Amino acid sequence: MTDPRAFIAALVVSIACTAAPLRAQAAEALELQVRAAFLFNLARFVNWPPDKVPNTSSTITICVAGDAEFAATVRETIHGKSVGAHGLTLQVPANSSDLARCHIAYFGEDTGLKDMLTAVSGNHVLTVHSAPAAQPAGVVRLYLEERRIRFEVNTGAAGREQLQLSSKLLSLAQLVNL
Amino acid sequence: MFTRNRFLRQFSNQPIRRKLTLLMALSSSVGLILSGIALISYAWSTARNTAIRDVQSVSQISANSTSAALVFGDVIAARELLSALRSKPEVDSACLYAEDGDASLLFAEYVQNGVEPCPPTAAAVGIHEHLRGLSLVREVEQNGDRIGWLQVQVNLQPLTHSLLVQVGITIAILAASFAVSLGIAWLMQPALAGPILDLANVARRISESGDYSLRARRLGADEVGRLGDDFNSMLDQIAVRDRDIETARDALSRQVSEKTAANKELLEALDRLKQTQAQLVQSERLASLGGLVAGVAHEINTPVGVGVTAASTLQDRALDLEQAYKTDTLRRSDLERFVEVARESSNIILRNLQRAADLIQSFKQVAVDQSSGERRRFDLRNYIDEVLLSLAPRTKKTGHRIVVDCPPDLEVDSYPGALAQVLTNFVSNSLLHAFPDGHNGELRISAQRSGDWIDLHYSDNGTGIPPDDLKRIYDPFFTTKRGSGGSGLGLHIVYNLVQQILGGTIEVASEIGAGTRFTVRFPAHLKSKS
């Protein structure tokens, strides 16, 4: 890995290439890692309201729902890492009250996504999903474009959840307002 | 140190004109050089600091704007963000590096001005200077976490170029001002060096020609002007002194010629005096010889007279006896009386002839010694007696006692004539001066040997010599009795004889009323005259 462009190209190529099952498996794991890193990096560019993150050292909770394998990858990724003075922790939410305590919540499944997003809204949670289309209650949507992972930000949802997303983040994202 | 000394020596050998010109040009140039260096250094450091501040703020902005693109791996966005630097032409390149474990990976780059592409890994954080300019490497942070590095390289060549232009302008100004100050110095130096050179010129002309009437021109009222005034007044003093010296020299040479003439006369007079003195000494010696002869004649006269009387008595008695015998009236008693008279007469005649013979013998000795000046070996005691005997005609009738205290067999090898004359003159002086009232005094001659020397003392118990006269007794022609026969040469002759003939010394001591005492010391065996 000498060149990040080569690395990213290889990643994109391997995601698209499914001819060999073993290589497909490895490419899948790599994609999970990239998504996990995305979740972690997202935490760097978001400011939560003070009642959600009371001080500079309070722990940021990342929740992964409906995808046990991805949850494990995220745990690995954030292990021993921090955002500024904030520690990071991973939770797999069991119910809606667990979800309400999350700072970032990733929903892997499409089924019941809209309900879950609606259930968690109003709790200042940065919701991340990968549905084919933007959701009114979802803040960030991940999607593949030209073999690269891109993301879309729903500025309306972010405003409603009182999340301040960094302009630097927004400059990289596709913006919608639902 | 050596170099500095040599430089100073060379500098001090330069003409004063050149020194002044050089000093003025050098001092103005040094000021310009220093201020030029200071200004250029200040400009360089200011420009460099500004450039550093610029690159710091540029890199700060770029790092901040590209952090999201970096963490989300959006190379295109990162490149676009970096390409905003095209509005900064001094930026050569910007290189964004991602973290890869402990190492760094080139993530995105922006290159302009045709410089080389970014190196594959990031350099150490900080400012790096190179020929073209400088590069700054800083960390890219988000929430205080390091997420990568950014290297921004700026081109300082325009800055360097403008600085070089400044240096060139400074050098040009320097050269121009050097030339101008040389010109000013050249124009000004006559005012400074002129009077000094003029003064030096006058001094050299004076020392070459010896003409002290030359004067330095007065070209100003500054120190050099005062120096010129002092120089001129010094020349005045020298001129006055020269005149004085001239006058004094003339007077001196006149005096010298006068003195020389006088000296010549004096020398001639001295010569004449010496000749006269020698003649007088000679005639005195002849006179003393004459006196001796007169004394001798007188002394011999007595025994010869007695002898004549006795012989004529004897002749008368013999004629009486012959008459009586022829007339046969001769009586026995007549014959007896004649025999007695004949015996007495012959006795008297014999005794007096003997005395006359003795006298003649001793006179002959003294006279021979005095006239011949012969050196010989003699018995001092006997000789003193002989001298006294020759003086007896003059001493006997005065009634003075003459005491001789001299051991017998004191043999002396010297000039007896000189000694005789010394003693004769002592005695003559005593007789002439010491006893004016005619009372009977005592003359004492004593001699003894003291090592190789003879100490001869002569003293009388007469009136003595006054201290003022005592200092002059050896002077020729000094006498207190010129009217009554003193020549003033007696003690002068004594002094010369003791010193020159006997090789000795003479001292005198005298006390008024107690007498005079001479002490003569001379070698018992005179060394041969050289």
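The paragraphs below set out a description of the structure included in this document.

What counts and what doesn't
- Residues numbered from 1 in each chain as written.
- Chains lettered and ligands numbered in written order.
- Predicted model: local features only at pLDDT ≥ 70, side-chain atom pairs only at ≥ 80, totals over all residues.
- Helix = DSSP H or I, 4+ residues; strand = E, 2+ residues; numbered from the N terminus.
- Buried ≥ 20, exposed ≤ 12 C-beta atoms within 10 Å, placed from the backbone.
- Contact = placed C-beta atoms within 7 Å.
- Nonpolar A, V, L, I, M, F, W, Y, C, P; charged D, E, K, R; others polar.
- Pairing = 2+ DSSP bridges.
- Axes fitted to C-alpha atoms, helices over the stretch in contact; angles between N-to-C directions.
- Parallel < 35°, antiparallel > 145°, perpendicular 65-115°, else oblique.
- Left-handed = near helix turned anticlockwise from the far one by under 90°.

This brings us to the overall build of chain B. Within chain B, the regular secondary structure consists of 10 helices and 12 strands. Per-residue burial over chain B gives 25% buried out of 530 residues. For chain B, long-range pairs separated by at least 24 residues make up 66% of all intrachain contacts whose partners lie at least 6 apart in sequence.

Attention now moves to the interface of chain A and chain B. At the interface, 17 residues of chain A touch 18 residues of chain B. Looking at the side of chain A that touches chain B, the elements that each hand over two or more residues are helix 1 (4–16), helix 2 (21–42) and helix 7 (167–172) of chain A. No other element matches the 4 residues that helix 7 of chain A contributes to the side of chain A that touches chain B. For the side of chain A that touches chain B, a count of residues per class yields 8 nonpolar, 5 polar and 4 charged.

All names here are of chain B. Across the sheet, 5 strands lie side by side as 7-9-10-12-11; this open sheet has mixed pairing. Whereas interior strands pair on both sides, the edge strands pair on one side only; in this sheet they are strand 7 (401–405) and strand 11 (505–511). Each neighbouring strand pair of the sheet contributes to a mean axis angle of 10°, computed without reference to strand direction. Relative to strand 10 (residues 453–460), strand 9 (residues 442–450) runs antiparallel, the two sharing 8 bridges.

What the 8 strands build is an open sheet, ordered 3-4-2-5-6-7-8-10 (chain A); its pairing is mixed. Of all strands in the sheet, those bounded by a partner on one side alone are strand 3 (82–83) and strand 10 (174–176) of chain A.

This next bit is on the pairing of strand 1 (residues 91–100) of chain B. Residue and element names in this part refer to chain B. Most of strand 1 sits out of view: 8 of its 10 residues are buried. Sheet topology places strand 1 next to strand 5 (residues 145–155); 7 bridges connect them, and they run antiparallel. Its bridge partner being in strand 5, Leu96 is matched across the sheet by Leu150. Examined bridge by bridge, strand 1 and strand 2 (residues 103–111) share 8 bridges and lie antiparallel to one another. Bridge pairing in strand 2 links Tyr97 to Leu106. Hairpin connection of strand 1 to strand 2: 2 residues between the antiparallel strands, including Gly101 at a positive phi of 70°.

This part takes up the packing of helix 8 (residues 416–434) of chain B against helix 10 (residues 490–501) of chain B. Residues and elements named next belong to chain B. At a minimum axis distance of 9 Å, the contact between helix 8 and helix 10 shows a crossing angle of 155°. What the angle tells us is that helix 8 and helix 10 run roughly antiparallel. The interaxial crossing formed by helix 8 with helix 10 has left-handed handedness. For the pair helix 8 and helix 10, contact is made by Ala418, Gln421, Val422, Asn425, Ser428 and Asn429 and by Gly490, Leu491, Ile493, Val494, Leu497, Val498 and Ile501, respectively. Each residue belonging to the contact of helix 8 with helix 10 can be placed in one class, and the counts come to 8 nonpolar, 5 polar and no charged.

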